[in-house]
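# Overview (structure and organization)
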Amino acid sequence: MSSEHSAPRQHMAHWGMFTAQSSDGEVTSVVPDRGDADPSPALGNIPGSVRHRSRVRRPAVRRGWLRDGPGASNDRGNDSFVELEWDEFIDLLAGELRRVVDTHGNEAIYGGSYGWASSGRFHHAQSQLHRFLNTIGGYTRSVNSYSLGATGVIMPRVVGTHWKLFARSTSWEVIAKHTELMVCFGGVPRKNTGTNHGGTSNHPTRDALDRFRARGGQLVSISPLRDDVDGAARWLAPVPGTDVALMLGLAYVLASEGLHDTDFLARYCTGYDRFEDYLLGRSDGVPKDPAWASVITGLPTDVIAALARQMAAHTTMVTVTWSLQRVRGGEQAPWMGITLAAMLGGIGTPGAGFGHGYGSMNEPGLAPVPYPLPTFWQGVNPVQTFVPVAAVSDMLLDPGGRFEYDGRSLTYPDIKLVHWAGGNPFHHHQDIGRLRRALARPETIVVHDPYWTPLARHADFVVPSTTSLERDDLSCTRNDPLMVAMQQAVPRYADARDDYDTLSMLAAKLGVAERFTEGRTAEQWLRHMYGQWQGFVRAAGHPVPDFDEFWRTGSYRMDTEDGLTLFEEFRADPVGQPLRTPSGRIEIFSSDIDGFGYDDCPGHPTWLEPTEWLGGARSADFPLHLIANQPKSRLHSQLDHGAVSQASKVQGREPIRLHPGDAESRGIAEGDVVRVFNDRGACLAGAVLDDAVSRGVAQLSTGAWYDPLDPADPQSMCVHGNPNVLTSDEHTSKLAQGCTGQHALVDIELWTGAVPPIRAYEQPTFVVGSAGWARSTGG
Ligand code: PGD
């Protein structure tokens, strides 16, 4: 399909659709698609990324692994590599996979392999790896996500669904037309709406909010950061981590002043009475009134009471961003948000009710397509063992250990081989010092990535993957109308191969080639997957072109289900269209959750004092509340070396924003390099002073590639500004065991030492050799 690479090519990234211009094997410029109302600035990270110096050029094996063979090693992350020819590399890796399967069984392979990788339905890295591992007998898998760890478990129990909250959320159109008041816990940060998992052809949030405001709609943003909303909004900044207390204070006013919708609560919900006993203090002697909420949140009592009355008097949408559930006790905020919306009675009516994730990703509010998407079938995993995704360090450090999860008591497997494609746990996982000690435990670690990310540096086998720009693919997502031909923009870089090719070679060595490939090339898979999808759309009566015509045209616009209101069918007919909960209704009190007896997730929404917050004892040692949120200048850690991300850095470090008053009291000026620290670790960052950040708060986004001052020391300071050296590896609760990376208590001081160089994007050290050479010479 692609033979000439200098012509402009249409492509798709998680952060938007664009045309790439290239020359000499490199993308030189990108132009956002004309149909995109508000393109993401992150597209600017793409030019120069294909031939960047941090690319993995050839298959590489860690020197110590070649010398000593498989085994636990503290050298991971501080060793040199030997580049091998593909054939030799595949022989060695296939032999190691066979050894682990034969000796320890497939459960000993951890193929959780979490990560966002790239857009594209076929070349999706995890799908490729999971299918391959299934063909060789399966693997220990991970469940849920870092994005929505708490929500993914609690919401099915409370409203009977997880995916509907996003894929069938109330549309931006409906909000712009009907909502009078949006009360947004966590704001609606536009920086995040640049991104959608798998790609996105349009970014409607800014325009929708403009129309909402033009109609007289009012937005109240509740966040420690004023700029969590673009444009006019009323800003309330409670003490970070206290949103549930604020929601309870609001709920108390509704209940005590008779402003709650008792008919809705009786007809559509279960367990309100039990919750009300707690709310009004009948069960514990503590009324959760505005005065109580004021002490915890720092917001004035009358402000809380007035907001509750305003909410009751208007068509109000209560929204909760995903960040609020990425903390200890993270199940409570979305549960309490739904409860508050239920008390207002608007759920299922246009412009009112509940939303989860407006401003978290470019999906909530966008109309879904009514057809299944083309799918690369992953096969069946015969291994039943799984772990919650954020429990990876616990699993590696504690084989055989018991843990609680969603009402079950489970055991961590004994993992010997970790196989990872398309993710970077040094970006996404908490407490990197602990993660490094965990990654020293397995006998072998295999990583597929286009770049020498920190995870690749900690691997034994590093597989050079292509970027999506080096291959053809199909892009579409469940809330985007376009099926898009992602055209290869540049030839493959150096010895990089598609993960499909690498895994096909491994499958051939292991005697399962036919099962993995079904005899298809990548192009044949695209045609096959397109054909299946075409069948669905044609069955709905739409004349979808054949593959070749589609590829020439470049895209196909599907129908979408416009004008949705979340739970409207349940509202219309609660008996005929019940929720998939035990009661068929919204579970404000859940007997099942209550029955688990978890101290950190009781049977109804509850204020649980966080471990990391300014109201607790820990704040005496670490008096600043760090918000480790998603970055503005890139997606996660992807293309951190790109122009937009680099332009945001301060003296090469990730910017940390703090209030001018907090900076002044520490002798810190704009542009200084600072040391951010707590009892888990430390990193350097570049100071940006900004009164959009509340007093007592600091904001350091995720995504700066981990860059240890001393690579031999797992606890080393990161000289670049990765906040996950500071975050805690505690999980949300025994119910969901989700990620809690959003908050950490820290302190900050001026860095007065020499400023170390950034080495994160450099190649590791290589030694010349081959597989046999290292073993025979001890090299
Ligand atoms: P990415 O940077 O997207 O981060 O964590 P995630 O691991 O997804 O990593 C994707 C990797 O895939 C990159 O290394 C990229 O080079 C590689 N890649 C891209 N394309 C391909 C390909 O085609 N093949 C292969 N093999 N590799 C490819 C994200 C996670 O971080 C998420 S979703 C959230 S929401 C969490 N949020 C927070 C947070 O709020 N606060 C903190 N402190 N930490 C978090 N971590 C979580």
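Computed from a prediction, not measured in an experiment: that's the story for all the values here.

### Side note on the overall build of the protein
Within the protein, the secondary structure is distributed over 27 helices and 29 strands. Compactness check: the protein gives a C-alpha radius of gyration of 26 Å against a globular reference of 28 Å for 779 residues, within 12% of the reference. Each of the three principal axes of the protein carries a C-alpha extent, and together these read 80 × 65 × 50 Å. Considering the protein as a whole, with its 779 residues, one finds that 64% of them fall into the buried category. Put simply, 76% of the contacts in the protein that link residues at least 6 apart link residues at least 24 apart. Summed over its atoms, the accessible surface of the protein is roughly 26000 Å², and 48% of this surface lies on carbon and sulfur atoms. Seen as two clouds, the 70 positive and the 90 negative side-chain charges of the protein have centres 2 Å apart.

### Some thoughts on the pattern of salt bridges
Applying the stated rule across the entire model yields 52 salt bridges. A salt bridge links Arg478 to Glu363, with the nearest nitrogen and oxygen atoms 2.6 Å apart. Taken as a pair, Arg478 in the loop between β20 (473-475) and β21 (482-486) and Glu363 in the loop between β13 (353-356) and β14 (386-388) lie far apart in primary sequence, 115 residues in all. Since its relative accessible area comes to 33%, Arg478 is described here as partly exposed. A residue is classified by how much of its surface remains accessible, and Glu363, at 4% relative accessible area, is buried. Sharing partners across several salt bridges, the network here consists of Asp38, Arg190, Arg206, Asp207 and Asp230.

### Brief notes about empty space enclosed by the protein
Overall, the coordinates contain four cavities of 30 Å³ or more when judged by the stated rule. Approximately 770 Å³ is the volume attributed to the largest cavity. Surrounding the largest cavity, 49 residues form its lining, Trp116, Ala117, His636, Ser637 and Gln638 being those nearest its centre. Secondary structure elements with two or more residues in the lining of the largest cavity: β1 (9-13), α16 (425-428) and β18 (444-449). It is β1 that provides the largest number of residues to the lining of the largest cavity, a total of three residues. Along the lines of polarity and charge, the residues of the lining of the largest cavity split into 17 nonpolar, 28 polar and four charged. In this model, the second largest cavity occupies a volume close to 40 Å³. Considering the residues around the second largest cavity, the lining is formed by Lys164, Arg168, Leu564, Thr565, Leu566, Phe567, Glu568 and Glu569. Here the residues of the lining of the second largest cavity sort into three nonpolar, one polar and four charged.

### Observations concerning the site of the ligand
The environment of the ligand is formed by 34 residues, the closest being Trp116, Ser118, His428, Arg471 and Ser637. One of the side-chain N or O atoms of Gln430 is found 3.2 Å from a nitrogen atom in the ligand. The separation between a nitrogen atom of the ligand and a polar side-chain atom of Ser465 is 3.2 Å. Taking 930 Å² as the accessible area of the ligand by itself, protein coverage stands at 98%. Comparing atom positions with the cavity grids shows the ligand to sit within the largest cavity. Of all the secondary structure elements, the ones that give two or more residues to the shell around the ligand are α16 and β18. Split into classes, the residues belonging to the shell around the ligand amount to eight nonpolar, 22 polar and four charged. Composition of the shell around the ligand by domain shows at least three residues from each of domain 2 (60-146 + 373-557) and domain 4 (617-750).

### Some thoughts on the packing of helix α9 (residues 243-256) against helix α12 (residues 290-297)
Viewed as axis vectors pointing N to C, α9 and α12 meet at an angle of 165°, and their least axial separation amounts to 8 Å. On the basis of the axis angle, α9 is roughly antiparallel to α12. The hand of the α9/α12 crossing is left-handed. Where α9 approaches α12, its residues Ala245, Leu246, Leu248, Gly249, Tyr252 and Val253 are matched on the opposing element by Pro290, Trp292, Ala293, Ile296 and Thr297. Broken down by class, the residue content of the contact of α9 with α12 amounts to nine nonpolar, two polar and no charged.

### Topic: the domain arrangement of the protein
Here the protein is partitioned into domain 1 (5-45), domain 2 (60-146 + 373-557), domain 3 (161-369 + 579-596) and domain 4 (617-750). The gap between the C-alpha centroids of domain 2 and domain 4 is 29 Å. Facing 31 residues of domain 2, the contacting portion of domain 4 comprises 33 residues. Overall, the association of domain 2 and domain 4 removes approximately 2500 Å² of surface from exposure, summing both partners, and the carbon and sulfur fraction of that is 54%.

### Describing the UniProt feature "domain: Molybdopterin oxidoreductase" (unreviewed entry) in the protein
With numbering matched to this structure, UniProt assigns "domain: Molybdopterin oxidoreductase" (unreviewed entry) to residues 55-508. Annotation note: span residues 55-508, helix share 36%, strand share 15%, distance between end C-alpha atoms 27 Å.

### Focus on the packing of α9 against helix α14 (residues 332-344)
A pair of packed helices is characterised by two quantities: the angle between their axes and the separation of those axes. Direction vectors running N to C along α9 and α14 enclose 20°, while the axes themselves pass 10 Å from each other. Between α9 and α14, the angle is such that the two are roughly parallel. Two packed elements cross with a definite hand, and for α9 against α14 that hand is left-handed. Residues Val244, Met247, Leu248, Leu250, Ala251, Leu254 and Ala255 of α9 pack against Gln332, Ala333, Met336, Gly337, Leu340, Met343 and Leu344 of α14.

### Quick word on the packing of aromatic side chains
Each aromatic ring pair is summarised here by two numbers: the centre-to-centre distance and the angle between the ring planes. Enumeration over the complete set of coordinates arrives at 33 aromatic pairs. Judged by centre distance (5.3 Å) and plane angle (80°), the rings of Tyr268 and Phe570 are edge-to-face. With Tyr268 in helix α10 (residues 262-268) and Phe570 in helix α23 (residues 568-572), this residue pair connects regions lying 302 residues apart in the sequence. Since its relative accessible area comes to 5%, Tyr268 is described here as buried.

### Some words on the UniProt feature "domain: Molybdopterin oxidoreductase N-terminal" (unreviewed entry) in the protein
UniProt's entry tags residues 11-51 with the feature "domain: Molybdopterin oxidoreductase N-terminal" (unreviewed entry), counted in the numbering of this structure. Strand forms 44% of residues 11-51 and helix 0%; the C-alpha atoms that close the span are 18 Å apart.

Here is what the cut-offs are and how they apply
- Residues numbered from 1 in each chain as written.
- Predicted model: local features only at pLDDT ≥ 70, side-chain atom pairs only at ≥ 80, totals over all residues.
- Heavy atoms only, no water.
- Helix = DSSP H or I, 4+ residues; strand = E, 2+ residues; numbered from the N terminus.
- Rg over C-alpha atoms; globule rule 2.2 N^0.38 Å.
- Buried < 20%, exposed > 50% of the residue type's maximum accessible area, 1.4 Å probe, protein only.
- Contact = heavy atoms within 4.5 Å.
- Areas by Shrake-Rupley, 256 points an atom, 1.4 Å probe, with all protein chains shown as cover.
- Lys, Arg positive; Asp, Glu negative; His and termini not counted.
- Charge placed at Lys NZ, Arg CZ, Asp CG, Glu CD.
- Salt bridge = Lys/Arg side-chain N within 4 Å of Asp/Glu carboxyl O.
- 1 Å grid on protein atoms, 1.4 Å probe; cavity = no way out; pocket = protein on both sides within 12 Å on 5 of 7 lines; lining within 4 Å.
- Points joined across faces, edges and corners; volume = space filled by probe spheres on them.
- Nonpolar A, V, L, I, M, F, W, Y, C, P; charged D, E, K, R; others polar.
- Near = heavy atom within 4 Å.
- Polar contact = N/O pair within 3.5 Å; in protein donor to acceptor, adjacent residues only side chain to side chain.
- Sits in = over half its atoms within 2 Å of the grid points.
- Domains from an automatic or database assignment.
- Axes fitted to C-alpha atoms, helices over the stretch in contact; angles between N-to-C directions.
- Parallel < 35°, antiparallel > 145°, perpendicular 65-115°, else oblique.
- Left-handed = near helix turned anticlockwise from the far one by under 90°.
- Buried area = accessible area lost by both parts, 1.4 Å probe.
- UniProt positions renumbered as here; feature names shortened; annotations may be inferred.
- Phe/Tyr/Trp six-rings, centres within 6.5 Å; stacked < 30°, edge-to-face > 60°.

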